[in-house]
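Each chain is listed here by its residues.
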Amino acid sequence: MSTDQQWDIVTGVGITALGVAAARAVETSRPAPLAADPYAAGFVAAAQAPVSLPTTVDASAAGSGSWAHLVDYLALRTRAFDDYFLRAVDDGVTQVVILASGLDTRAFRLGWRAGTAVYEIDQPRVLDFKLRVLREAGAEPRCALRPTAVDLRDDWAAVLESAGFDPSRPTAWLAEGLLPFLPPEAEEHLLHEIHRLSAPGSHLAAEYFKDVRRALEDPVMQQNAAIMGVQMADLMSSAQRPSPTERLTERGWQTRVMTATEEAAAHERALTSTAMFDTIRHLFARLS
């Protein structure tokens, strides 16, 4: 892997993961959070980012406006994929892969079956930062945590298998906040490899945008990108492609799609309708 392929938690795509952690911290500070992450605020504090990211509901930028709207959605997304993993656990799955895991803390938060192995794939600097902060906080994983440091542009499948991943066992895969950043050919390769490595009984959850161009034009996305100090149009791919649902269905996966609005209704949580949120889809799939 070349050095110019790498990033840390305060540059490029990395700082978007830090922004997501800040949003989880805000949600955690609410009276009845949809998802509580006791470690999220610690990431923001430790990162010393060049921008100020609010981590409490009463912070000036978190109480109203675009940041509050983003927090509302990310709380729903976190809860939706938390619930997805719990359903996979109920289905007997004990092997998990979180792609581009960022500052995900589900290995430390969720109740896993005994013997569950959770593989977290991300850049070395991102994983090093996360594990250091969690270690200093005294956090202990509730599973066999296997950090897998590899760039998804490299042969991540080979590195995953060398870390102990067993393709003969059903797997619960998660691509949260990942597909919109991939060009079409990279997305196709990712889905191809997931399918190749998935035994019958495997699950997959992913977030995707039906229309990235429309989302990029949304003032909510633009305002939150400004808070994080990034240009989302430089990071996300708006190139046309088939939906991941089509690609998975062609490979024999059974799929179900939820819109952000439907997720909000299911949890009785209001979600402001914007171009960004209206185009977001949550995909849940199972391979028979």
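Residues numbered from 1 in each chain as written. Predicted model: local features only at pLDDT ≥ 70, side-chain atom pairs only at ≥ 80, totals over all residues. Heavy atoms only, no water.

### What to know about the nonpolar core
Of all hydrophobic cores here, the largest spans 67 residues; its most connected members are Leu-18, Phe-43 and Phe-85. Take this core: its biggest share by element is 13 residues, from helix α3 (residues 65–90). When near neighbours in sequence (up to four residues on either side) are disregarded, Phe-85 contacts Val-96, Ile-98, Arg-106, Leu-110, Trp-112, Ala-172 and Leu-174. Counting residues in hydrophobic clusters, the runner-up holds 27 residues, among them Ile-121, Val-150, Leu-197 and Leu-204. (Core = buried A, V, L, I, M, F, W, Y, C linked by side-chain atoms within 4.5 Å. Buried < 20%, exposed > 50% of the residue type's maximum accessible area, 1.4 Å probe, protein only. Helix = DSSP H or I, 4+ residues; strand = E, 2+ residues; numbered from the N terminus. Contact = heavy atoms within 4.5 Å.)

### Section: the packing of aromatic side chains
Applying the stated criterion across every chain yields a total of 10 aromatic pairs. Look at Tyr-84 and Phe-284: their rings are 6.1 Å apart centre to centre, the planes differ by 40°, and that puts the pair in the tilted class. Taken as a pair, Tyr-84 in helix α3 and Phe-284 in strand β7 (residues 280–287) lie far apart in primary sequence, 200 residues in all. For the residue pair Tyr-84 and Phe-284, the accessibility class agrees, reading buried in each case. Through pairs of rings, three or more aromatic residues link up here, namely Phe-81, Tyr-84, Phe-85, Trp-112 and Phe-284. (Phe/Tyr/Trp six-rings, centres within 6.5 Å; stacked < 30°, edge-to-face > 60°.)

### Quick look at the packing of helix α1 (residues 13–28) against α3
The description of two helices packed together rests on the angle between their axes and the distance between the axes. The N-to-C vectors of α1 and α3 enclose an angle of 90°; their axes lie 9 Å apart at closest approach. If you check the angle between α1 and α3, you find them roughly perpendicular. Residue-level contacts link Gly-19, Val-20, Ala-22, Ala-23, Arg-24, Val-26 and Glu-27 of α1 to Trp-67, Val-71, Leu-74, Ala-75, Arg-77 and Thr-78 of α3. (Axes fitted to C-alpha atoms, helices over the stretch in contact; angles between N-to-C directions. Parallel < 35°, antiparallel > 145°, perpendicular 65-115°, else oblique.)

### Topic: the packing of α3 against helix α9 (residues 219–228)
Relative orientation of the contacting elements α3 and α9 amounts to 100°, with a least axis distance of 9 Å. Judged by the inter-axis angle, α3 sits roughly perpendicular to α9. Each of Ser-66, Trp-67, His-69 and Leu-70 in α3 lies in contact with α9, whose residues at this interface are Val-220, Gln-223, Asn-224 and Ile-227. Counted by class, the contact of α3 with α9 contains four nonpolar, four polar and no charged residues. (Nonpolar A, V, L, I, M, F, W, Y, C, P; charged D, E, K, R; others polar.)

### Concerning unusual backbone geometry
In this structure, Gln-48 takes a positive phi of about 50° despite not being glycine. If you trace the backbone, Gln-48 turns up in the loop between α2 (40–47) and α3. Classification of Gln-48 as exposed rests on a relative accessible area of 71%. Even without glycine at this site, Glu-268 takes up a positive phi of about 50°. Locating Glu-268 in the fold gives a position in the loop between α12 (260–266) and α13 (275–278). With relative accessibility at 79%, the residue Glu-268 sits in the exposed group.

### Side note on the sheet that holds strand β5 (residues 203–209)
Spatially, β3-β2-β1-β4-β5-β7-β6 is the arrangement adopted by the seven strands of the open sheet, whose pairing is mixed. Because the sheet does not close on itself, it has two edges, and the strands there are β3 (144–149) and β6 (253–259). Mean inter-strand twist for the sheet, computed between neighbouring axes without regard to direction, equals 15°. Note that strand β2 (residues 117–122) and β3 share six bridges and pair parallel. What sits directly across from Glu-120, in β3, is Pro-147. Sheet strands touched by helix α5 (residues 124–136): β2 and β3. Its angle to β3, the strand with the most contacts, is close to 145°. (Pairing = 2+ DSSP bridges.)

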